[in-house]
Amino acid sequence: MKCHKCGKADLVKDIEIFEYGQANLPYKVMLVGVPVKRCPACRERVVTIPDPDGLHRALCLHMVEGSRTLHPAEIRFLRKYLDKSAEEWAAVMGVDKKTLSRWENGRQKMGPVAERLLRLLVHQQLRPDAGSFSEEMFPKLRDERGGPPASVKLASSPRGWRQAA
């Protein structure tokens, strides 16, 4: 297959670590073992993300099963992953649409009760058969004001996306 940009060379297949920026999160999302085709002439790169929905699901689980305070961009990502409008999600959360907007834009900190509800609702959607998430996870939550991690690494496997070492 010739390069679509320069047309001079055949693309070379490779597997690499790829920085995934389409999630619009405040930290790097590093994908391990992603198929990439590279043009040796112009260095153009064509990346294939296996199971993008599974990747986004793994990111959501990473967020809600973590113990630090959610970042505003993560709150927005979780809502969008569940395919809810701001109006729908505000109604589910029992808040005004303006409050949800302030949480997602970082103009107002989400309170701990609302954050626990958000985590529970998202987790219930993603893992309806998982035991008692709230009893296991909620006591571990901390109010970390240090911000999100520098990066998160996820690897694709035959059973789906998982955290990479």
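Nothing here was measured: the structure is a model prediction, and the numbers come from that model. For every chain, the first residue of the written sequence is number 1, and numbering continues from 1 along that sequence. Two thresholds apply to this predicted model, a pLDDT of at least 70 for residue-level local features and 80 or more for giving and counting side-chain atom pairs, whereas whole-chain, interface and lining totals are computed over all residues. With hydrogens and water excluded, all non-hydrogen atoms of the structure serve as input to the side-chain values.

Student: Lay out the overall build of the chain with the relevant residues and their values.
Tutor: The number of helices and strands found in the chain is six helices and five strands. Seen in sequence order, the chain has helices and strands lined up from the N terminus as β-β-β-α-α-α-α-α-α-β-β. When the 165 residues of the chain are sorted by exposure, 38% land in the buried category. Contacts are assigned to residue pairs that have any heavy atoms within 4.5 Å of one another. Considering only contacts in the chain between residues 6 or more positions apart, those separated by 24 or more positions represent 59%. In short, Shrake-Rupley with a 1.4 Å probe defines the accessible areas, and a residue's cover is counted only from the protein chains shown. With the model as given, the accessible surface of the chain reaches about 9700 Å², and the carbon-plus-sulfur share is 49%. Strands are runs of DSSP state E lasting at least 2 residues, helices are runs of H or I lasting at least 4, and numbering of each runs from the N terminus. The rule is simple: take the accessible area with a 1.4 Å probe, protein chains only, and divide by the maximum for that residue type; under 20% is buried, over 50% is exposed, in between is partly exposed.

Student: An account of helix H2 (residues 72-81) is needed here, citing residue identities and associated values.
Tutor: Most of H2 is tucked away: seven of the ten residues are buried. Buried within H2 we find Ala73, Glu74, Ile75, Phe77, Leu78, Arg79 and Tyr81. Packed against the buried residues of H2 are helix H1 (52-64), helix H3 (86-93), helix H4 (97-105) and helix H5 (112-126). Just downstream of H2, Asp83 is the residue with a positive phi angle, here 60°.

Student: Outline H5, supporting the account with residue identities and numerical values.
Tutor: An expected span of 1.5 Å times one less than the residue number is assigned to each helix. Look at H5: 21 Å from first C-alpha to last across 15 residues, which is about the 21 Å you get at 1.5 Å a residue. Listing the buried residues of H5 in full gives Ala114, Glu115, Leu118, Arg119, Leu121, Val122, His123 and Leu126.

Student: For the side chain of Glu104, give the residues involved together with the corresponding values.
Tutor: As for its position among the elements, Glu104 is in helix H4. Looking at Glu104, the relative accessible area reads 6%, which means it is buried. If sequence neighbours within four positions are ignored, Glu104 has contacts with Pro72, Ala73, Ile75, Arg76 and Arg79.

Student: Would you mind going over the packing of H3 against H5 in detail, with residue names and values included?
Tutor: Put simply, H3 and H5 touch, their axes get as near as 10 Å, and they point 110° apart. It follows from the interaxial angle that H3 and H5 lie roughly perpendicular. In this structure, H3 crosses over H5, and the sense of that crossing is right-handed. Contacts from Trp89, Val92 and Met93 of H3 reach H5 at Ala114, Leu117, Leu118, Leu121 and Val122. In this description, a line fitted to the C-alpha atoms serves as the axis of each element, helices being fitted only across the stretch in contact, and the angle between N-to-C directions of two axes falls anywhere from 0 to 180 degrees. Angle categories: roughly parallel below 35 degrees, roughly antiparallel above 145, roughly perpendicular from 65 to 115, and oblique for all the rest. Handedness of each helix crossing follows the sense of rotation of the near helix against the far helix: counterclockwise by less than a right angle gives left-handed, clockwise gives right-handed.

Student: Can you break down the pattern of salt bridges residue by residue, with the values?
Tutor: Between Lys or Arg on one side and Asp or Glu on the other, a salt bridge is scored when a side-chain nitrogen of the former is within 4 Å of a carboxyl oxygen of the latter. Scanning the model with the defined rule gives ten salt bridges in all. A salt bridge links Glu104 to Arg76; its shortest N-O distance comes to 4.0 Å. In this pair, Glu104 sits in helix H4 while Arg76 sits in helix H2, placing the two residues 28 residues apart along the sequence. One continuous salt-bridge network, built from bridges that share partners, spans Glu16, Arg38 and Arg45.

Student: Let's hear about the packing of H2 against H4: which residues, and what values?
Tutor: Contact geometry of H2 with H4 gives a least axis separation of 6 Å together with a crossing angle of 125°. Looking at the two axes, H2 sits oblique to H4. Where H2 abuts H4, its residues Pro72, Ala73, Ile75, Arg76 and Arg79 lie against Leu100, Trp103, Glu104 and Asn105. Per-class residue counts for the contact of H2 with H4 are five nonpolar, one polar and three charged. Residue type decides the class: Asp, Glu, Lys and Arg count as charged, Ala, Val, Leu, Ile, Met, Phe, Trp, Tyr, Cys and Pro as nonpolar, and the leftover types, Gly among them, as polar.

Interpretation in functional terms is not warranted from these geometric data alone.
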